[in-house]
Amino acid sequence: MRSAIFRRVSFVPAGLSGNMARLRATRIRVERIRPWAFCDSWFFKMDGTHHHVTDLDSSKMKNQLSQNAQGRILSTRIRVARNLAMFPLNPAGTKETRLKIADLMEKVFATVEGDLAGKFYRHSNMTPAEEKQLVDDHFLFKGRDKMQAASGYHSDWPHGRGIFLNAEKTFLLWINEGDHCRIISMEQGGDVKRVFDRLARGIAAIENGVKKVTGKDPAFMTHDILGCVTCCPSNLGTGMRGSVHIKVPLLIAKHGLEGIDALCRERNCQARGTMGEHTQVIDRIDVSNWRRLGFAEYVLVDNMIETVNLLADMEAELEKQA
């Protein structure tokens, strides 16, 4: 932290109108004197000079996963946060707004077709067998995070919460976990492009479904400068985290998580524990993009692929030396 130039201020982006003005009830807290959002080694200016652009076109990616990296990746998961433009963000929401969001999304899910179609499970009325299966599959969110609870994320739990799953369990939505929607594409193995393309199709299907059901446009809460508006300021912009679990035991033994994370940071990514942030490291790590604002989604996935290729090559060299 650059403590010499930081102080706590309340900041609400200019240009909000209509339902977007409800953001004023939650106030985005920014730790900077100047109206800039720090991003990598440059500053994303919020004075109109810069504008976040959303782009999920995988054909624009420059990097491909090496065969070496693909053989070491255990799973791939890419998610985005989205909030509905016709409701307040959940920290300023109520039991009634959360229930209305869940009711709306149930109608939206009925419009989803093809391989993305699935079933919506509500926390408040799922059967014990359904709950056990979702826990066993590591899909169920539980609303027990102390930091999130302090922000009001978990108010009126479990009402208005739920999970949508397609038949293959590769396309998911968390409803009112924090943001209104967490849209997730995931699968075992390292086909990052397929996971990313499914995510893009899924976002489009949900967005079109919201417009169809409500008759309103836009479907999602966005800002001309900041991109997608999210409950946590760290997700502003893309709201995206693209990650893989990769098995690199020798690299972990030699450099530790801190050393691997430093390598990743140099490439605009981060390394986390085996089960994500603040978790133990065993023989695998979670590698993901850490930037959200000011970069298109395909760029962030490209960064992650480049980083994973490097880590896989380093692991292979250590194997040769063993």
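As shown above, the structure is provided for reference.
What you see is a predicted model, and the numbers here were worked out from it, not measured in a lab.

**Here we look at the pairing of strand β7 (residues 162-166)**
Among the five residues that make up β7, five are buried, leaving the element largely enclosed by the rest of the structure. Side-chain alternation along β7 places Gly162, Phe164 and Asn166 on one buried face and Ile163 and Leu165 on a second face that is also buried. Note that strand β6 (residues 118-122) and β7 share five bridges and pair antiparallel. Each bridged residue has a counterpart across the sheet, and for Lys119 the counterpart in β7 is Leu165. With four bridges joining them, β7 and strand β8 (residues 171-175) adopt antiparallel strand pairing. Bridging from a neighbouring strand, Phe164 pairs with Leu173 of β8. Counting the residues between successive antiparallel strands, the hairpin from β7 to β8 contains four residues, one of them, Lys169, with a positive phi of roughly 60 degrees.

**Some points on the sheet that holds strand β12 (residues 240-247)**
Either a parallel or an antiparallel arrangement is found when strands of a sheet pair, and the pairing is made through backbone hydrogen bonds. The eight strands lie next to each other as β6-β7-β8-β9-β5-β12-β14-β13, forming an open sheet whose pairing is antiparallel. Looking at strand neighbours, the two that pair on one side only are β6 and β13 (269-272), the edges of this open sheet. With strand direction ignored, the average angle separating the axes of adjacent strands in the sheet is 20 degrees. Against the sheet, helix α5 (residues 192-214) contacts β5 (73-82), β8, β9 (181-188) and β12, and its axis sits at roughly 150 degrees relative to β9. Contacting β12, β13 and β14 (284-289), helix α6 (residues 249-265) crosses the sheet at an angle of about 140 degrees to β13.

**So, the pattern of salt bridges**
Applying the stated criterion to the full structure yields 21 salt bridges. Measuring nitrogen to oxygen at the nearest pair gives 2.6 Å for the salt bridge that ties Glu187 to Arg198. Of this pair, Glu187 sits in strand β9 while Arg198 sits in helix α5, and the two are eleven residues apart along the sequence. Judged on exposure class, the residue Glu187 and its partner Arg198 are both buried. When the shortest N-O distance is used, the salt bridge between Lys211 and Asp217 registers 3.6 Å. On the basis of relative accessible area, Asp217 is assigned to the exposed category, the value being 61%. Among the charged side chains, a salt-bridge network with shared partners connects Glu187, Asp191, Arg194 and Arg198.

**Here we look at the side chain of Glu297**
Positionally, Glu297 belongs in helix α7 (residues 297-321). One buried charged residue, Glu297, remains without a salt bridge, the closest side chain of opposite sign being Arg82 at 4.2 Å. The contacts of Glu297, once residues within four sequence positions are left out, are Val53, Thr54, Asp55, Leu56, Arg82, Phe196, Thr238 and Met240.

**Observations concerning the state of the cysteines**
Applying the stated rule across the entire model yields zero disulfides. Cys264 provides the cysteine sulfur closest to Cys269, a residue in no disulfide bond, and the two sulfurs are 6.4 Å apart.

**Some thoughts on the pairing of β12**
Taken across its eight residues, β12 has seven buried, putting it largely inside the fold. The pairing of β5 with β12 spans seven bridges and is classified as antiparallel. Note on β12: the bridge partner recorded for Arg79 is Arg241. Looking at chain direction, β12 and β14 are connected through five bridges and run antiparallel. Of the residues in β14, the one forming a bridge with His245 is Asp286.

**A word on the environment of Asp313**
The residue Asp313 is located in helix α7 in this model. Once the C-alpha coordinates of Asp313 and Ala69 are considered, the two residues, 244 residues apart in sequence, prove to be 7.6 Å apart.

**Remarks on the packing of aromatic side chains**
All told, the structure shown has five aromatic pairs when counted by the stated rule. Ring geometry for Phe109 and Phe164: centres 4.3 Å apart, planes at 15 degrees, overall stacked. One end of the pair, Phe109, is in helix α2 (residues 95-109); the other, Phe164, is in strand β7, with 55 residues separating them in the sequence. Note on accessibility: Phe109 and Phe164 belong to one class, buried.

**Observations regarding the packing of α2 against α5**
Interaxial distance between α2 and α5 falls to 9 Å at its minimum, and their mutual angle equals 110 degrees. Here α5 runs roughly perpendicular to α2, going by the angle between their axes. Between α2 and α5, the residues in contact are Leu104, Met105, Lys107, Val108 and Phe109 and Ile206, Gly209, Val210, Val213 and Thr214, respectively. Here the residues of the contact of α2 with α5 are counted per class, giving seven nonpolar, two polar and one charged.

Here is what the cut-offs are and how they apply
- Residues numbered from 1 in each chain as written.
- Predicted model: local features only at pLDDT ≥ 70, side-chain atom pairs only at ≥ 80, totals over all residues.
- Heavy atoms only, no water.
- Buried < 20%, exposed > 50% of the residue type's maximum accessible area, 1.4 Å probe, protein only.
- Helix = DSSP H or I, 4+ residues; strand = E, 2+ residues; numbered from the N terminus.
- Pairing = 2+ DSSP bridges.
- Axes fitted to C-alpha atoms, helices over the stretch in contact; angles between N-to-C directions.
- Contact = heavy atoms within 4.5 Å.
- Salt bridge = Lys/Arg side-chain N within 4 Å of Asp/Glu carboxyl O.
- Lys, Arg positive; Asp, Glu negative; His and termini not counted.
- Disulfide = S-S within 2.5 Å.
- Phe/Tyr/Trp six-rings, centres within 6.5 Å; stacked < 30°, edge-to-face > 60°.
- Parallel < 35°, antiparallel > 145°, perpendicular 65-115°, else oblique.
- Nonpolar A, V, L, I, M, F, W, Y, C, P; charged D, E, K, R; others polar.

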